[in-house]
Structures are given as structure tokens and as C-alpha cells.
There are 2 protein chains.
Amino acid sequence: MPNITKLSKNIITEINKLYLAKYRKEKGTFIALGSHLYKEAKLAGVLVTAYATIDTVDATYISEEDMKKIAKTDTPCQVLSICKAVDKHELSNKVLLLDAIQDPGNMGTLMRTAKAFGFDTIVLGNGCVDIYNDKVVRASQGAIFKLNYIHMPIKEFISQNNNYQIYGTSVNNGVTPNLVQFVPPLGLILGNEGNGINPEILALTKQNLYIPMTNTESLNVSVAGAILMYLMQ
Amino acid sequence: MPNITKLSKNIITEINKLYLAKYRKEKGTFIALGSHLYKEAKLAGVLVTAYATIDTVDATYISEEDMKKIAKTDTPCQVLSICKAVDKHELSNKVLLLDAIQDPGNMGTLMRTAKAFGFDTIVLGNGCVDIYNDKVVRASQGAIFKLNYIHMPIKEFISQNNNYQIYGTSVNNGVTPNLVQFVPPLGLILGNEGNGINPEILALTKQNLYIPMTNTESLNVSVAGAILMYLMQ
């Protein structure tokens, strides 16, 4: 095993700053926890540096005690990667448009599902959680490194891309998705966990979709999004 | 506004014990955080007692300081409910069978989706997270109060209910769900986040399903479960 490197206070402070969006933006880097994401970051060519408590190529070998000071997780973490934020801005023919998605777990899960179903570009509208939040990164399971991101108000995206069929989601006033033939280029809008899609945005869609349910319940936004992206594939 | 009641150390300790499965089982009660779950608990008739920092019927009015000592959340909580665990064991004609689902968020989201799509009974196989974990309860958004639970190894459930068509999920070896006509009584098995379904269980299914994806990615288990429950509705 390699020798253990003791982390300086300064480095510990610098790494911990990356849990705050402000510093991530300033530095252009973000934290990814766990060995799976370490491998994905390497594969994507965005690994800046890594710290590990197990023997890991290109990583500084540190103690579990030091790892606890830099890895914010409930479960023990073996590898912490610092990754370069490389925003790719290409526009795929299926686009996921997010209006104020605030829960990091939902954001990350939506990114993972989007990648699986070919929604390779995500438009991040107003009020969305920072995609480089460590909880988003973890829930994305590596999809974070493979998607294109466009930071733009959704209304603006719609007006600039009028060749895209834009579908909204609505609990009250929508058609069931099995009645619709989906032909790309298309976009699917998902809205805030508590309030749904901003009505001003909803008014600009081609059609609004509703997922029929046996019982009158609501669905988690990452679940509703997954069902619709599966059907639009 | 009512007068503020100061919580005794003893009460604070007793409430905090309910974050541990062992004590929940002993007491037969569990914690639900937030006003939405407070309303759902009342509606379900399982509210034992509640503590609130806002004026709330049937709740003890407490300070925000005391609330912080009993409500384990990242975001401020206004109402904490203590609920009675009433296990209902009825068997619905669509059943969700869970094999070692360990993430509380996944468990709660699966419960919420199950209720929405008429999977009113959940079979909790070996290795599942406790359904009365506060994070499960929160993610379930009230579905926790409305479902039936059967704690039983999945292999046993299958052998005792051979009139049910049981479907597994497999990444390697499955049919796409749109080729299958689903007729209840039926059951859907979902497996552990890391390892999938135990092969011994998978060998007992009628058919194993695979969700086709544009890109070779994996899906979060609560996402995969949601797509399949939607299609089996």
C-alpha cells in the first residue's frame, strides 16, 4: 500500500468550500463521491484530482479520519474526486426542460433517466438546484458527465426553438400520453416539486400530458418524468 | 396563539428514540415530519400526538428551538407527528414485492407510486429498510398510511400464492414489457439497488422484464419500478 498523506488544514478547507455553489462556480470544479463516480470521471476526462482510503490509481492515499473531514456522506466514502465542470451545450433532438426542480435527489435521478432514454440535453430554467451539488452528482450516477446543459429561462428556449414540439405536464388539464404520437425534435417540461410548472410556461406548450392513475395520488416528479421519457423514447 | 410548552428532556429523549427501528418496533409508533403528513395521519386515524411551531389542532405548541431537538431535517419542520403503526395485511390483486430495497428514499417513492397505480399491497422481503424510517415516511408522501404490508420472504410468498403471475426485472435476460399482456392477479418484484434481485427468487418468476433504453445506462430502482407499475396498471 502507498504511504498515507496527511491533509493540511488548508486543503481540507478548500475541498469543503466545494460543497457551496458559489465556490464551485468560482473554481469551475465540483465533488463526486464514491468509486463508481471516480471511474466515470476518469472515463469522461474531467478528473482533476482524487483522494482515497483504498489503493487507487491517480489518487492521494489518505486516512479514514481525513476522509471523514472532506466527504459529506452518511455511509463511509472510499474515494472523493474533484472534477472539472465542462458544460457541453449541444442540442439533442429530445430535450428535458426543468422548471425550478429543487430537490438534489430528483435532479440527479432525472439526469440519469434522461441519459438512459436519449434526452441528452437538459435545459435548466429558473430556480433549479445547482447540478454540481454533491447530492445531484451522486444521484445522477455518472450521467452528469455525459449530458449537455443549457442554462436559460424555459420561455426563452421555447421561443428560440419553435421547431421543437414542447410538451408540458399538468395534473388538471392534460391528455394521456398513449393518445399522442411523439416525433422528435421534442421537449418535455417538468415543474417544481410543490407548485408544478409555472402557468406562463404551461401556456406556451403544444400539449399538456397527464399520467392516468388508479388512485387519486400524486407522483414524485422524477417518477412522472421517467414514465413520460420512457413513452417518448 | 396558544402558550408555548417547554419539552422536558425526557420527552425529547423518548421522541428521538423513534429514529431507531428497534424503539419504533417496541413502541409501535413512528415519526412523520411536516404538515402534509400530519393531515394524512389524522385522516388515516393513526395520529397519536403532534408537536408544532404553528397553530395546529390537536398539537402541542412548542418553540422552534425545541422542534430542532426532535425533528431531524435539513429544512425547518413546523409539525412533527407521532403515528401509530397499523399494519394492514390485505392482499390486493396487484402486489409489489421488494427484495432488499435499502435506500429510504427509494422505498418511500416506490410506496407512493405503488399506491398511485393500484399496487395496494407491498411484500417486504429480506433485507428491506424499515418502512417506518422517517425518510421512508417522508418520501411516501402519505401512501405509508394507505397500503397493506406483508413481511415475508419473497420465495415464500410466491409458493403460497401460485395464482399470481409473478414478474421479475432483469438487466440481462428479459422481455420488453410492451410485448406482455398483464392480467391480475399479478406481482412485480424489484431488487436491491446494487445487486438486483436474488437469482434464487428470479428463477421462480413467470417472466422477467427488461426496460429498453436508448443508451446503455441503468435506471434507479424507483424509476424502473414506476415505469413497470404504470404499464401494468
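Residues numbered from 1 in each chain as written. Chains lettered and ligands numbered in written order. Predicted model: local features only at pLDDT ≥ 70, side-chain atom pairs only at ≥ 80, totals over all residues. Heavy atoms only, no water.

Considering the relation of the copies chain B and chain A
You can overlay chain B on chain A at an RMSD of 0.0 Å; the transform is a turn of 180° with a shift of 0.0 Å along its axis. With respect to symmetry, the two chain copies, as superposed, fit the operation of a two-fold axis. A high fraction, 100%, of the interface residues of chain B reappear at the interface in chain A, so the copies pair face to face through one surface. (Least-squares fit on C-alpha atoms with pLDDT ≥ 70 in both. Contact = heavy atoms within 4.5 Å.)

Let's talk about the nonpolar core
The biggest cluster of nonpolar side chains holds 93 residues, and the ones touching the most others in it are L96(A), L96(B), L98(B) and M107(B). Setting aside chain neighbours within four positions, we find M107(B) in contact with L98(B), I101(B), L124(B), C128(B), V129(B), I131(B) and V136(B). (Core = buried A, V, L, I, M, F, W, Y, C linked by side-chain atoms within 4.5 Å. Buried < 20%, exposed > 50% of the residue type's maximum accessible area, 1.4 Å probe, protein only.)

Some remarks on the packing of aromatic side chains
Scanning the model with the defined rule gives ten aromatic pairs over all chains in all. Aromatic pair F157(A) and Y164(A): ring centres 6.0 Å apart, planes at 75°, arrangement edge-to-face. Each member of the pair, F157(A) as well as Y164(A), carries the same accessibility label: buried. Aromatic side chains Y167(B) and F182(B) sit 5.0 Å apart centroid to centroid with 80° between the ring planes, which places their arrangement in the edge-to-face category. Of this pair, Y167(B) sits in strand β8 (residues 165-169) while F182(B) sits in the loop between β8 and β9 (186-190), placing them 15 residues apart in sequence. For the pair formed by Y167(B) and F182(B), the shared burial category is buried. Three or more aromatic residues joined by ring pairs form one cluster here, namely F30(A), Y132(A) and F145(A). (Phe/Tyr/Trp six-rings, centres within 6.5 Å; stacked < 30°, edge-to-face > 60°. Helix = DSSP H or I, 4+ residues; strand = E, 2+ residues; numbered from the N terminus.)

Some remarks on the sheet that holds strand β3 (residues 59-61) of chain A
Residues and elements named next belong to chain A. Taken together, the four strands give an open sheet; going across it, the order is β1-β4-β2-β3, and neighbouring strands pair in mixed fashion. This sheet does not close on itself; its edge strands, each paired only once, are β1 (29-33) and β3. On average, each strand axis in the sheet is tilted by 20° relative to the strand beside it, whichever way the strands run. Note: strand β2 (residues 47-52) against strand β4 (residues 79-84), five bridges, orientation antiparallel. From the neighbouring strand, A52 faces β4, where its bridge partner is V79. (Pairing = 2+ DSSP bridges. Axes fitted to C-alpha atoms, helices over the stretch in contact; angles between N-to-C directions.)

Focus: the pairing of strand β7 (residues 148-151) of chain B
Residue and element names in this part refer to chain B. For strand β6 (residues 121-124) and β7, the ladder comprises four bridges, and the chain directions are parallel. Paired with V123 across the two strands is I150, which belongs to β7. For the crossover that starts at β6, traverses helix α6 (residues 134-140) and ends in the parallel β7, the hand is right-handed. (Right-handed = clockwise from strand over helix to strand, strands pointing away.)

A closer look at the sheet that holds strand β7 (residues 148-151) of chain A
Residues and elements named next belong to chain A. Ordered in space as β7-β6-β5-β9-β8-β10, the six strands form an open sheet in which the pairing is parallel. The open sheet has two free edges, formed respectively by β7 and β10 (207-209), since each of these has just one partner strand. Direction aside, neighbouring strands of the sheet carry axes that sit 25° apart on average. Two strands pair when backbone bridges link them, and strand β8 (residues 165-169) and strand β9 (residues 186-190) are joined in this way by three bridges, in the parallel orientation. When the bridges of β9 are listed, Y167 appears paired with L188.

Remarks on the domain arrangement of chain A
Residues and elements named next belong to chain A. Partitioning chain A into structural domains gives domain 1 (9-84) and domain 2 (94-232). Between the C-alpha centres of domain 1 and domain 2 there is a distance of 29 Å. At the boundary of domain 1 with domain 2, total buried surface from both sides reaches about 1100 Å², with 65% on carbon and sulfur atoms. A per-residue breakdown of the area domain 1 buries against domain 2 is headed by R24, F30 and L37, which together make up 43% of the total. Where domain 1 packs against domain 2, one counts two salt bridges. Residue E40 pairs with K146 through a salt bridge whose shortest N-O separation is 3.3 Å. Counting the contacts that link domain 1 with domain 2 gives four residue pairs in polar contact (both at pLDDT 80 or more). At the level of secondary structure, the elements contributing two or more residues to the side of domain 1 that touches domain 2 comprise α2 (21-27), β1 and α3 (35-44). (Domains from an automatic or database assignment. Buried area = accessible area lost by both parts, 1.4 Å probe. Salt bridge = Lys/Arg side-chain N within 4 Å of Asp/Glu carboxyl O. Polar contact = N/O pair within 3.5 Å; in protein donor to acceptor, adjacent residues only side chain to side chain.)

As for the interface of chain B and chain A
Contacts between chain B and chain A engage 29 residues on the former and 29 residues on the latter. Both sides of the chain B and chain A interface together cover about 2400 Å² of buried area, and 53% of this is carbon and sulfur. It is R112(B), E217(B) and Y230(B) in chain B that bury the most area against chain A; as a group they hold 25% of the surface buried on that side. Where chain B packs against chain A, one counts zero salt bridges. Our enumeration of links across chain B and chain A arrives at 16 residue pairs in polar contact (both at pLDDT 80 or more). Residue assignment for the side of chain B that touches chain A shows that the elements contributing at least two residues are α5 (104-116) and α9 (221-232) of chain B. If one sorts the elements of the side of chain B that touches chain A by residue count, α9(B) sits on top with six residues. For the side of chain B that touches chain A, a count of residues per class yields twelve nonpolar, nine polar and eight charged. (Nonpolar A, V, L, I, M, F, W, Y, C, P; charged D, E, K, R; others polar.)

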